[in-house]
Amino acid sequence: MNPSVSPRNQNERVALVETNKSIVRKNRVKWKTLPAGAGRKQVDTLLSLGDNELLDFYNDSIRYWEKERGWEYDKYASQFSARSILEIGSGLGYDGITYSKSAECWTFCDIIPENIQLVRRIARLMDVSNVKYQTIEDFIHHDYGDQYNGFYAHGVLHHVPFEIAKKEVSNIDRYLTRGAKVVLLMYPYERWVLCGKPSFEEFGTMTDGEGTPWAEYYDDQKIKALFGDSYKLESSINWGHQNAEFVNFELIKLGKSDG
Ligand SMILES: C[S@@+](CC[C@H](N)C(=O)[O-])C[C@H]1O[C@@H](n2cnc3c(N)ncnc32)[C@H](O)[C@@H]1O
């Protein structure tokens, strides 16, 4: 059953809720293995390393990402400059550790406590102090505890069905100030087409390997529907392999009179 399609009757609605719960459960297992440089690493394996070994591994991965995505780091480091940024799905934290050099404060949030534990240890080893951490238990109602003027999520919201992502974003919106910068990295429509328009369950396996419960494509129309009228889409940038690996959406939160 495709959770993006509106259910017709009570039985279908119950099945939909169960499917969505199962996707969330599977995400909590899958993302203990994370993108790390050219490959993937289990967070428990990384946590078992000694400090020097962990730092060597981490610095190698950062160098790898800088080669792949240096243009992004240059662009967003200045956009995030002196802002307080909320990141969800921070994984092993490479982007936040990099952007925290220019941000006022960076808050790492993830649904997996071990991922947060790892980033906390890395930040301590690297003497990065303008950072905070939160583990998200219930991402539809989580209390982010503060106001932020930036929001960042790389490869996160497309791993749940649109209707769940929409609820998660509605909750996050309560914590973003007018003028907040939003940067999201998603899988573009073109990547889904190149894969042969598979179901979103199959697309997840194709993009991120076995155990990935879901990956959904995004285009301009869908990202606008996800964020609603109080956000303006400023740009969408396709990049990577065949210009279809990721799309970066940049939005800004409008005030009531900006619309
Ligand atoms: C593909 S990994 C990306 C990690 C990191 N952003 C990066 O680019 O390397 C997805 C991350 O999002 C987290 N995650 C998955 N679903 C989430 C959700 N609905 N809300 C917040 N975090 C989520 C996972 O635990 C994982 O750390």
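Residues numbered from 1 in each chain as written. Predicted model: local features only at pLDDT ≥ 70, side-chain atom pairs only at ≥ 80, totals over all residues.

A. Local environment of helix H3 (residues 51-79). Its 29 residues give H3 an end-to-end C-alpha distance of only 32 Å, which falls more than 12% under 42 Å, the value for a rise of 1.5 Å per residue. At arginine 69, H3 shows its maximal kink, close to 90°. Taken residue by residue, H3 has Tyr58, Arg69, Glu72 and Tyr76 as its buried positions. Buried residues along H3 sit in contact with helix H4 (94-99), helix H5 (113-125) and strand S7 (176-186). (Helix = DSSP H or I, 4+ residues; strand = E, 2+ residues; numbered from the N terminus. Expected span 1.5 Å × (residues − 1). Bend = angle between axes of the 7 residues up to and from the residue. Buried ≥ 20, exposed ≤ 12 C-beta atoms within 10 Å, placed from the backbone. Contact = placed C-beta atoms within 7 Å.)

B. Summary view of the site of the ligand. As a matter of local geometry, the ligand sits amid 21 residues, with Trp31, Gly89, Gly91, His154 and Gly155 nearest to it. Broken down by class, the residue content of the shell around the ligand amounts to eleven nonpolar, eight polar and two charged. (Near = placed C-beta within 6 Å. Nonpolar A, V, L, I, M, F, W, Y, C, P; charged D, E, K, R; others polar.)

C. Quick look at unusual backbone geometry. In this model, alanine 82 sits at a positive phi of 60°, which is unusual for a non-glycine residue. Take alanine 82: it is sitting in the loop between H3 and strand S3 (84-88). In this model, lysine 197 sits at a positive phi of 50°, which is unusual for a non-glycine residue. Among the secondary structure elements, lysine 197 is positioned in the loop between helix H7 (189-194) and helix H8 (200-208). When the 11 C-beta atoms within 10 Å are taken as the criterion, lysine 197 is described as exposed.

D. Layout of the sheet that holds strand S6 (residues 148-154). Strands sit in the order S5-S4-S3-S6-S7-S9-S8 across an open sheet of seven strands; the sheet is mixed. Strands at the two margins of the open sheet, each flanked by one partner only, are strand S5 (131-135) and strand S8 (231-239). In this sheet, neighbouring strand axes are inclined to one another by 15° on average, regardless of whether the strands run parallel or antiparallel. With six bridges joining them, S6 and S7 adopt parallel strand pairing. Its bridge partner being in S7, tyrosine 152 is matched across the sheet by valine 183. Seen against the sheet, helix H9 (residues 220-227) touches S8 and strand S9 (246-253) and runs at an angle of roughly 140° to S8. (Pairing = 2+ DSSP bridges. Axes fitted to C-alpha atoms, helices over the stretch in contact; angles between N-to-C directions.)

E. Layout of the nonpolar core. With 60 residues, the main nonpolar core has Ile85, Phe151, Leu184 and Met186 as its most contacted residues. The element contributing the most residues to this core is S7, with seven residues. Residue contacts for leucine 184: discarding those within four places in its chain leaves Ala153, Leu157 and Phe249. (Core = buried A, V, L, I, M, F, W, Y, C linked by C-beta atoms within 7 Å.)

F. Focus on the pairing of S9. Bridge count for S7 against S9 is six bridges, and the pairing is antiparallel. Its bridge partner being in S9, methionine 186 is matched across the sheet by valine 247. In the sheet, S8 pairs with S9 via eight bridges, with the strands oriented antiparallel. Paired with serine 235 across the bridge in S9 is glutamate 250. Between S8 and the antiparallel strand that follows it, S9, lie six residues; glycine 240 among them carries a positive phi value of about 85°.

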